[in-house]
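Spelled out, the chains give:
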Amino acid sequence: MTERSTRTWRHRLGRLVTGRSRADTRFGVRLVAGAALTALAAVPFSLALVLVESHWAPLHRLDQDVAERLHRSALGSPAWVHVLDFLTHVAWGPLTMRLLVAGVVVWLLRRRAFRLAAWAAVTATAGGLAGLLVKNAVQRARPHLPDPVAHAPGFSFPSGHAMTATTSCAVLLLVLLPLVPRAWRPLPWVLAAVTVLGVSYTRVALGVHWVSDVVGGWLLGLAVVTATTLAFEAWRGDIGRSRTVPTEGLEPEIVTDSPEPVGRPDSR
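Residues numbered from 1 in each chain as written. Predicted model: local features only at pLDDT ≥ 70, side-chain atom pairs only at ≥ 80, totals over all residues. Heavy atoms only, no water.

1. Remarks on the overall build of the protein
So, point 1. Tallying secondary structure elements over the protein gives nine helices and zero strands in all.
So, point 2. Beginning at the N terminus, the succession of helices and strands in the protein can be written as α-α-α-α-α-α-α-α-α.
So, point 3. Buried residues in the protein amount to 42% of all 268 residues.
So, point 4. In the protein, once contacts between residues fewer than 6 apart in sequence are set aside, the share between residues at least 24 apart is 76%.
So, point 5. Approximately 14,900 Å² of the protein is accessible, and the part contributed by carbon and sulfur atoms is 67%. (Helix = DSSP H or I, 4+ residues; strand = E, 2+ residues; numbered from the N terminus. Buried < 20%, exposed > 50% of the residue type's maximum accessible area, 1.4 Å probe, protein only. Contact = heavy atoms within 4.5 Å. Areas by Shrake-Rupley, 256 points an atom, 1.4 Å probe, with all protein chains shown as cover.)

Below, the structure is given as structure tokens:
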């Protein structure tokens, strides 16, 4: 090998190493920024947890007042209780939500969108595990009301129904939004909000959760979705794809025939 060829190969190797080093640095910065934003997103839930654990008087009064008012309404309308029971266990129940997410994961795998399928599965699983962990750590008792119209096992904070609805609706929205025409995209957001608020109302109205339980479920669910979404965005950046916004969905490329990237960029 001539001296000129040796210099050429050294130059190319130097450029490759430098490019890789810069790419790794940018990826590290994205991960650190994502971790910081995740910690920030967890602040509202942490505050709710502190207020619940400290038995903050204004929150306790709110929980009691709403629970008693809705309980009186439920006692006066057995037919409405049946409707609430159907909504909370069937239409908006955790099993229904998880089956919808599982269906989306299978569909993504069939489209060979493996990264997005992994994100959806991890988000749903992490949400369920986080909720179970916090429930057993806090061990808050469920409401004890005279003449209860419904019963539920386990602890109360946070509401598993509210959290599952939050994480599941977030997964469905962020995956499927790119398939919805722009003019129709407000509709899925409305449906998601109705689902989350609706199932949360049923839990309080049936007397099996406090208001603060369902709010805690929302906040913990949003914290989990934020964490996994930021990790996915860092993943996208590492393969050379641009950042997205929630109104576009997590991976707009899902509308194409090849949503999964082929190969890996040499540099960023």
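2. Observations regarding the packing of helix H7 (residues 160–176) against helix H9 (residues 211–238)
So, point 1. Remark: H7 packs on H9, axes separated minimally by 7 Å, with the N-to-C direction vectors making an angle of 35°. Seen from above, H7 lies across H9 with right-handed handedness. On the side of H7, the interface is formed by Ala162, Met163, Thr166, Thr167, Ala170 and Leu174, while H9 contributes Val214, Gly217, Trp218, Leu220, Gly221, Leu222, Val224, Val225 and Thr229.
So, point 2. A class-by-class count of the residues in the contact of H7 with H9 yields ten nonpolar, five polar and no charged. (Axes fitted to C-alpha atoms, helices over the stretch in contact; angles between N-to-C directions. Left-handed = near helix turned anticlockwise from the far one by under 90°. Nonpolar A, V, L, I, M, F, W, Y, C, P; charged D, E, K, R; others polar.)

3. Some remarks on unusual backbone geometry
So, point 1. Residue Phe157 is joined to Pro158 through a cis peptide bond whose omega torsion reads -5°.
So, point 2. Among the secondary structure elements, Pro158 is positioned in the loop between helix H6 (114–138) and H7.
So, point 3. Although it is not a glycine, His55 adopts a positive phi angle of roughly 55°.
So, point 4. With respect to the helices and strands, His55 occurs in the loop between helix H2 (43–53) and helix H3 (57–75).

4. Brief notes about helix H8 (residues 186–205)
So, point 1. For H8, spanning 20 residues, the distance from its first C-alpha to its last is 28 Å, which sits close to the expected 28 Å at 1.5 Å a residue.
So, point 2. Among the residues of H8, those classed as buried are Pro188, Ala192, Thr195, Val196, Gly198, Val199, Ser200, Thr202, Arg203, Val204 and Ala205.
So, point 3. In this structure, the buried residues of H8 make contact with H3, helix H4 (78–91), helix H5 (94–110), H7 and H9.
So, point 4. Count one or two residues on from H8 and you reach Gly207, which has phi positive near 75°. (Expected span 1.5 Å × (residues − 1).)

5. With respect to a nonpolar patch on the surface
So, point 1. On the surface, Trp184, Leu187, Val190, Leu191 and Val194 cluster together into a nonpolar patch covering about 500 Å² of accessible area.
So, point 2. In this fold, Trp184 is placed in the loop between H7 and H8. (Patch = residues over 30% accessible without salt bridge, like charges linked within 9 Å, V, L, I, M, F, W, Y side chains within 5 Å. Salt bridge = Lys/Arg side-chain N within 4 Å of Asp/Glu carboxyl O.)

6. Let's talk about the nonpolar core
So, point 1. Counting 18 residues, the largest nonpolar core has Leu108, Leu116, Trp119, Val171, Val175 and Leu250 as the members making the most contacts within it.
So, point 2. For this core, the secondary-structure elements that each account for two or more residues are H5, H6, H7 and H9.
So, point 3. If one sorts the elements of this core by residue count, H7 sits on top with five residues.
So, point 4. Setting aside anything within four residues of it in sequence, one finds Leu116 in contact with Leu108, Val175, Phe232, Leu250, Glu251 and Ile254. (Core = buried A, V, L, I, M, F, W, Y, C linked by side-chain atoms within 4.5 Å.)

7. Focus on the side chain of Glu233
So, point 1. Structurally, Glu233 can be placed in helix H9.
So, point 2. With relative accessibility at 7%, the residue Glu233 sits in the buried group.
So, point 3. Engagement of the side chain of Glu233 in a polar contact is seen with the side chain of Thr244, the distance being 2.5 Å.
So, point 4. Residues within four places of Glu233 in sequence aside, it is in contact with Arg243, Thr244 and Leu250. (Polar contact = N/O pair within 3.5 Å; in protein donor to acceptor, adjacent residues only side chain to side chain.)

8. Digging into the packing of H7 against H8
So, point 1. Contact pair H7 / H8: the axes reach a minimum separation of 9 Å and the direction vectors enclose 170°. By the angle class used here, H7 and H8 are roughly antiparallel. In contact with His161, Ala162, Ala165, Thr166, Cys169 and Leu173 of H7, H8 contributes Pro188, Trp189, Ala192, Thr195, Val196, Val199, Ser200 and Arg203. (Parallel < 35°, antiparallel > 145°, perpendicular 65-115°, else oblique.)

9. Observations regarding the pattern of salt bridges
So, point 1. Enumeration over the complete set of coordinates arrives at two salt bridges.
So, point 2. In this structure, the salt-bridge partner of Asp63 is Arg140, at a minimum N-O distance of 3.1 Å. In this pair, Asp63 is assigned in helix H3 and Arg140 in the loop between H6 and H7, connecting sequence segments 77 residues apart. Comparing Asp63 with Arg140 shows no difference in burial state: the two are buried.

10. Considerations on the environment of Leu62
So, point 1. Assignment of secondary structure puts Leu62 in helix H3.
So, point 2. For Leu62, a relative accessible area of 42% puts it in the partly exposed group.
So, point 3. As a C-alpha pair, Leu62 and Ser212 span 150 residues in sequence and 8.6 Å in three-dimensional space.

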